[in-house]
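# Summary of the model geometry
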Amino acid sequence: MFVGYASAVTQHGLIAVTVDHRLHDTAAYPIAAVDVRVAVEQARALEGVDTQRVALWFFSGGGLLVTDWLADPPSWLRCVALTYPILAPLPGWDVPCGFEPIQALPGVGDLPLLLTRVGGEQPEIAATVAAFITTAQTQGASLEIIDMADGQHGFDAFDHSDDSRRAVRQALSWVASALQPR
């Protein structure tokens, strides 16, 4: 699925990189965060990459990995996309401190954020998304939301529908637009 997103990104004339981070259990968030940071540094070093125009895109449980990027976004980070994200550790998760995107929102400044929200989300995940949206709006963050009223967590892999394809195309277009030269 992520390779499919990367392929679709390249159809917009952009370079895409997927990251195989080591988030294999909830205690591994620190290791996965390092993997993402290293991958971003390596991607920015690739020939042909505009080091000043980078987007990061987080899915599902990887949503917690956005925390540092929101708390102190580098000047080259042009946008962050979040698709059916988990935005706070869920009850019973053994997540080390420092992986709470909602707490990082005061540092986000004017960094554009895109959140794809699904109506059929699990209630405990939907609560983290609602809290993130409320906090982002209260703080005046630049947040755009794509709503999939009938979508489920993982819609892009499970729902082969016009609505699913529309949401993915809309998110891809938003990211591509955010990466255009200023």
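Right above here is the structure, for reference.
Okay, so let's go over this structure.

Conventions used here
- Residues numbered from 1 in each chain as written.
- Predicted model: local features only at pLDDT ≥ 70, side-chain atom pairs only at ≥ 80, totals over all residues.
- Heavy atoms only, no water.
- Helix = DSSP H or I, 4+ residues; strand = E, 2+ residues; numbered from the N terminus.
- Expected span 1.5 Å × (residues − 1).
- Buried < 20%, exposed > 50% of the residue type's maximum accessible area, 1.4 Å probe, protein only.
- Pairing = 2+ DSSP bridges.
- Axes fitted to C-alpha atoms, helices over the stretch in contact; angles between N-to-C directions.
- Core = buried A, V, L, I, M, F, W, Y, C linked by side-chain atoms within 4.5 Å.
- Contact = heavy atoms within 4.5 Å.
- Salt bridge = Lys/Arg side-chain N within 4 Å of Asp/Glu carboxyl O.
- Phe/Tyr/Trp six-rings, centres within 6.5 Å; stacked < 30°, edge-to-face > 60°.
- Lys NZ or Arg CZ within 6 Å of the ring centre and 35° of its normal.
- Right-handed = clockwise from strand over helix to strand, strands pointing away.

A separate point is helix α7 (residues 162-178). Relative to the 24 Å expected for 17 residues at 1.5 Å per residue, α7 spans 24 Å between its end C-alpha atoms, a close match to the ideal helical length. Buried within α7 we find S164, A167, V168, A171, L172, W174, V175, A176 and A178.

Next up on the list: the sheet that holds strand β4 (residues 143-148). The strand order across the open sheet built from four strands is β1-β2-β3-β4, with neighbouring strands paired in parallel fashion. Taken across any chain shown, the strands that pair with only one partner, and hence form the sheet edges, are β1 (54-59) and β4. Adjacent strand axes in the sheet meet at a mean angle of 15 degrees, parallel and antiparallel pairs treated alike. Direction of pairing for β1 relative to strand β2 (residues 77-83): parallel, over a ladder of six bridges.

Further remarks concern the nonpolar core. By size, the foremost hydrophobic cluster in this structure holds 34 residues, and its most contacted members are F58, L65, W69, L70, V80, L113 and F132. At the level of secondary structure, the elements contributing two or more residues to this core comprise α2 (29-44), β1, α3 (67-71), β2, α4 (101-104), β3 (113-118) and α5 (123-138). A total of five residues in this core trace back to one element, the largest contributor, which is α2. In contact with V80, other than residues within four places in its own chain, are L56, F58, V66, L111, P112, L113, L114 and W174.

Let us look at the pattern of salt bridges. Tallied over the entire structure, the rule returns five salt bridges. Here D147 and R117 are joined by a salt bridge, their closest N and O atoms 2.5 Å apart. Highlighted residues: D147 in strand β4 and R117 in strand β3, separated in sequence by 30 residues. With a relative accessible area of 41%, D147 lands in the partly exposed category. Relative accessible area serves as the criterion here: at 30%, R117 is assigned to the partly exposed category. Residue D162 is joined to R165 by a salt bridge in which the shortest nitrogen-to-oxygen separation is 2.9 Å. Taken together, the residues D162 and R165, both in helix α7 and three residues apart, mark about one turn of the helix. Taking relative accessible area as the criterion, D162 reaches 60% and is therefore assigned exposed.

On to the packing of aromatic side chains. This model, assessed by the stated rule, comprises four aromatic pairs. The interplanar angle of 10 degrees and the centroid separation of 5.7 Å between the aromatic rings of W57 and F59 together place this pair among those described as stacked. Members of the aromatic cluster, connected to one another through ring pairs, are W57, F59 and Y84. Above the plane of the ring of W69 lies R37, whose end atom (NZ or CZ) is 4.1 Å from the centre.

Further remarks concern the environment of A55. With respect to the helices and strands, the residue A55 is situated in strand β1. Of the residues examined, A55 reaches a relative accessible area of 25% and is grouped as partly exposed. Spatially, the C-alpha atom of A55 lies 5.7 Å from that of V80, the residues being 25 residues apart in sequence. In contact with A55, not counting residues within four places along its chain, are L77, C79, V175 and L179.

Quick look at the pairing of β4 now. One ladder, built from six bridges, connects β3 with β4; its direction is parallel. Of the residues in β4, the one forming a bridge with V118 is M148. This β-α-β element, β3 to α5 to β4, shows right-handed connectivity.

Function-wise, these values are silent; they only describe arrangement.
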